[in-house]
Amino acid sequence: MPTWIVHGGKKLKGKLKVQGAKNAVLPIMAACILGGGTSRLTNCPELSDKNASIDILRHLGCKVKCCNNEIVIDSNDVCKSYIPHELMLKMRSSVMYMGAILARTGEVRLSKPGGCELGSRPIDLHLKALKALGAEISEEGGEVYCRAKKLRGANIHLDFPSVGATENAMLASCAAEGETVICNAACEPEIVDLQNFLRLKGVKVSGAGSSIVKISGFAPKEFTFHRIMPDRIAASTYLCAAASCGGEIILEDVVPNHFYTVITSLRAMGCDIMCGSNYVRIKSSGRLKVGRPIVTKPYPGFPTDSQALMMASCLKAEGTSVFVENIFENRFRHVPEMRRLGADIRTEGRVAIVTGVKELSGAPVSACDLRGGAALVLSGLISEGETRVYDVGHIERGYERFEFALSSLGADIKRQ
Ligand code: UD1
């Protein structure tokens, strides 16, 4: 795996067009197989997770062309309902294909995703939703097999507003007869993007963005064109970087409302942030003071994906910051690595307490997950001397040309 070498101490300056959203493009790529036809997706970020998804689509029988952030997927000849373990392993979000393949072929077999860096990651809510639609489910040899002669619309109540379970339920119910109502659905903007795509594909769906989503029919279209929404977590990442490094940057092609909680938290720390309809500008002296506690929650609460990034911004802030992680059990894995740079962080279960230090000094660190890894890069940018970030493959799962984006803003970061 390549390594990135970061030299800290540079202020950030300039404009950056933010990538398309990883968490929107992956479920939408799975949705492309519904009903056949050809889909053209633009603003697709160049990511290793996207490439893993393309491998799955090709395995299923799709013809896929990729060029310059655009993907064209012809799914007329989908002929398989099985995803082998090697393909499932490449990307956890491949579980999204469960609902889509079931809707397309009436059955699906895939290996059950195991735990990951963030914790045990069960899929019980996904399976419960598919069962409610009439699927028979069996599990054997580490694989899940779902089959349904006919899917029927149903009331699905999610015990927790899981993003993935909401998306899987939406995808499967496209093939159901009658109306499906998903209650306690996740409200994340990526669910709205999925709804927008499904509508273009001919699905009657409404309510995404609220906790009740309804699906009631599908008249497949031969051709669908959709632009993937901007990535709110990538946008938060660059904001957090500018906040702690200091400087002034403008992020273009963003929807500031999608990461409003991050903006208000950074404002409370002393950053000057101005929002337009599709851009955000941040000015920061780099000398931050502690703001409000960061408590992660489902959208519209503070995103768990931005927790580690915000923690990086607090490492040198004046005062003591509190973080409460409510979504994933194992989302402080960046903490021991941040301590290697000299950070003062105590953790107790779901809570982390960060006491700002005057100086951090560069050290070798290892990315242990996607956002935690990006947070280590941000920590390196405010450390004296050299920080080598190992295992950056984790970061490349979700950020398009991260090191180039940061160096275009004046950061000193190189690949080795
Ligand atoms: C998605 C995002 C991820 C983000 C997360 C929470 C994608 C590709 N990934 O992941 O970046 O961090 O939302 O915003 O969109 N759970 C269960 N049973 C289930 C499903 C989930 O107990 O069947 C639990 C999970 O273990 C976790 C919580 O619910 O503790 C939230 O998970 P979920 O919303 O499903 O996250 P993902 O869709 O996997």
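Predicted, not measured: the structure shown is a model, and the values here were computed from it.

Here we look at the overall build of the chain
And then number 1: Helix and strand content of the chain: 14 helices and 24 strands.
And then number 2: For 416 residues, the compact-globule estimate of 2.2 N^0.38 gives 22 Å, and the chain sits close to it at 21 Å.
And then number 3: Overall size of the chain, expressed as C-alpha extent along the three principal axes, is 65 × 40 × 40 Å.
And then number 4: In the chain, which comprises 416 residues, the share counted as buried stands at 57%.
And then number 5: Put simply, 72% of the contacts in the chain that link residues at least 6 apart link residues at least 24 apart.
And then number 6: Charge centroids of the chain, computed over 52 positive and 43 negative side chains, lie 3 Å from each other.

With respect to the site of the ligand
And then number 1: Residues in contact with the ligand amount to 18 residues; listed here are only the nearest, Arg121, Asp124, Ser162, Asp305 and Ile327.
And then number 2: Between the ligand and the protein, one listed contact pairs an oxygen atom with a backbone N or O atom of glycine 164 at 2.8 Å.
And then number 3: At 2.6 Å from an oxygen atom of the ligand is found a main-chain nitrogen or oxygen belonging to isoleucine 327.
And then number 4: When isolated, the ligand has an accessible area of 740 Å², and the protein chains bury 84% of it.
And then number 5: Of all elements in the fold, only helix H5 (124–132) and helix H6 (163–173) reach the threshold of two or more residues within the shell around the ligand.
And then number 6: If you tally residues by element for the shell around the ligand, the top one is H5, at three residues.
And then number 7: Class assignment of the residues belonging to the shell around the ligand gives a composition of seven nonpolar, six polar and five charged.

Thoughts on the environment of threonine 166
And then number 1: Structurally, the position occupied by threonine 166 is in helix H6.
And then number 2: With 59 residues separating them in the primary sequence, threonine 166 and glutamate 107 have C-alpha atoms 19 Å apart.

Quick look at unusual backbone geometry
And then number 1: In this structure, proline 300 follows tyrosine 299 across a cis peptide bond, with omega equal to 15°.
And then number 2: Locating proline 300 in the fold gives a position in the loop between strand S18 (294–295) and helix H10 (307–314).
And then number 3: In this structure, asparagine 69 is a non-glycine residue whose phi angle is positive, near 60°.
And then number 4: Residue position: asparagine 69 is located in the loop between strand S4 (63–67) and strand S5 (70–74).
And then number 5: We note that aspartate 391 has phi near 60°; this positive angle belongs to a residue other than glycine.
And then number 6: Within the element layout of this structure, aspartate 391 appears in the loop between strand S23 (386–390) and helix H13 (393–396).

Quick word on the sheet that holds strand S24 (residues 412–415)
And then number 1: The four strands are arranged S22-S23-S1-S24 in an open sheet whose pairing can be described as mixed. In the strand order of this sheet, the two ends are held by strand S22 (364–366) and S24, each with one partner. Averaged over all adjacent pairs, the angle separating strand axes in this sheet is 20°, with direction ignored.
And then number 2: In this structure, strand S1 (residues 4–7) lies alongside S23, joined through four bridges in antiparallel fashion. Its bridge partner being in S23, valine 6 is matched across the sheet by threonine 387.

Some details on the state of the cysteines
And then number 1: Tallied over the entire structure, the rule returns zero disulfides.
And then number 2: In this structure cysteine 44 is not part of a disulfide, and its nearest cysteine sulfur, from cysteine 66, lies 7.5 Å away.
And then number 3: Given a relative accessible area of 0%, cysteine 44 falls into the buried group.
And then number 4: Free cysteine cysteine 275: the closest other cysteine sulfur is in cysteine 271, separated by 12 Å.

Looking at the pattern of salt bridges
And then number 1: This structure, assessed with the given rule, holds 21 salt bridges.
And then number 2: Glutamate 177 is the salt-bridge partner of lysine 150, the closest N and O atoms lying 3.2 Å from each other. Taken together, the positions of lysine 150 in the loop between strand S9 (143–147) and strand S10 (155–157) and glutamate 177 in the loop between H6 and strand S11 (180–183) put the pair 27 residues apart, joining distant regions of the chain.
And then number 3: Taken together, the shared-partner salt bridges connect Lys17, Arg227 and Asp253 into one network.

Comments concerning the side chain of aspartate 231
And then number 1: Structurally, the position occupied by aspartate 231 is in the loop between strand S14 (223–227) and helix H8 (232–245).
And then number 2: Of the side chains bearing the opposite charge, arginine 371 lies closest to the buried aspartate 231, which forms no salt bridge; the N-O distance is 4.9 Å.
And then number 3: In this structure the side chain of aspartate 231 is engaged in a polar contact, spanning 2.9 Å, whose partner is the backbone nitrogen of isoleucine 233.
And then number 4: Aside from chain neighbours lying at most four places away, what touches aspartate 231 is Val18, Gln19, Gly20, Ala21 and Lys22.

Things to note about H8
And then number 1: Between its first and last C-alpha, H8 extends 20 Å over 14 residues, near the 20 Å set by a 1.5 Å rise per residue.
And then number 2: In terms of burial, H8 is a largely internal element, 14 of the 14 residues being buried.
And then number 3: Backbone nitrogen of isoleucine 233 and a side-chain oxygen of the N-cap are separated by 2.9 Å at the start of H8; the cap is aspartate 231.
And then number 4: Phi turns positive, to about 85°, at glycine 246, one or two residues after H8.

A look at the pairing of S11
And then number 1: Inspection of the sheet shows S10 paired to S11 by three bridges, in the parallel sense. The partner of isoleucine 156 across the bridge, within S11, is isoleucine 182.
And then number 2: Note that S11 and strand S13 (residues 212–218) share four bridges and pair antiparallel. Each residue of the ladder has a partner; that of valine 181, found in S13, is lysine 214.

Rules of the game
- Residues numbered from 1 in each chain as written.
- Predicted model: local features only at pLDDT ≥ 70, side-chain atom pairs only at ≥ 80, totals over all residues.
- Heavy atoms only, no water.
- Helix = DSSP H or I, 4+ residues; strand = E, 2+ residues; numbered from the N terminus.
- Rg over C-alpha atoms; globule rule 2.2 N^0.38 Å.
- Buried < 20%, exposed > 50% of the residue type's maximum accessible area, 1.4 Å probe, protein only.
- Contact = heavy atoms within 4.5 Å.
- Lys, Arg positive; Asp, Glu negative; His and termini not counted.
- Charge placed at Lys NZ, Arg CZ, Asp CG, Glu CD.
- Near = heavy atom within 4 Å.
- Polar contact = N/O pair within 3.5 Å; in protein donor to acceptor, adjacent residues only side chain to side chain.
- Areas by Shrake-Rupley, 256 points an atom, 1.4 Å probe, with all protein chains shown as cover.
- Nonpolar A, V, L, I, M, F, W, Y, C, P; charged D, E, K, R; others polar.
- Pairing = 2+ DSSP bridges.
- Axes fitted to C-alpha atoms, helices over the stretch in contact; angles between N-to-C directions.
- Disulfide = S-S within 2.5 Å.
- Salt bridge = Lys/Arg side-chain N within 4 Å of Asp/Glu carboxyl O.
- Expected span 1.5 Å × (residues − 1).

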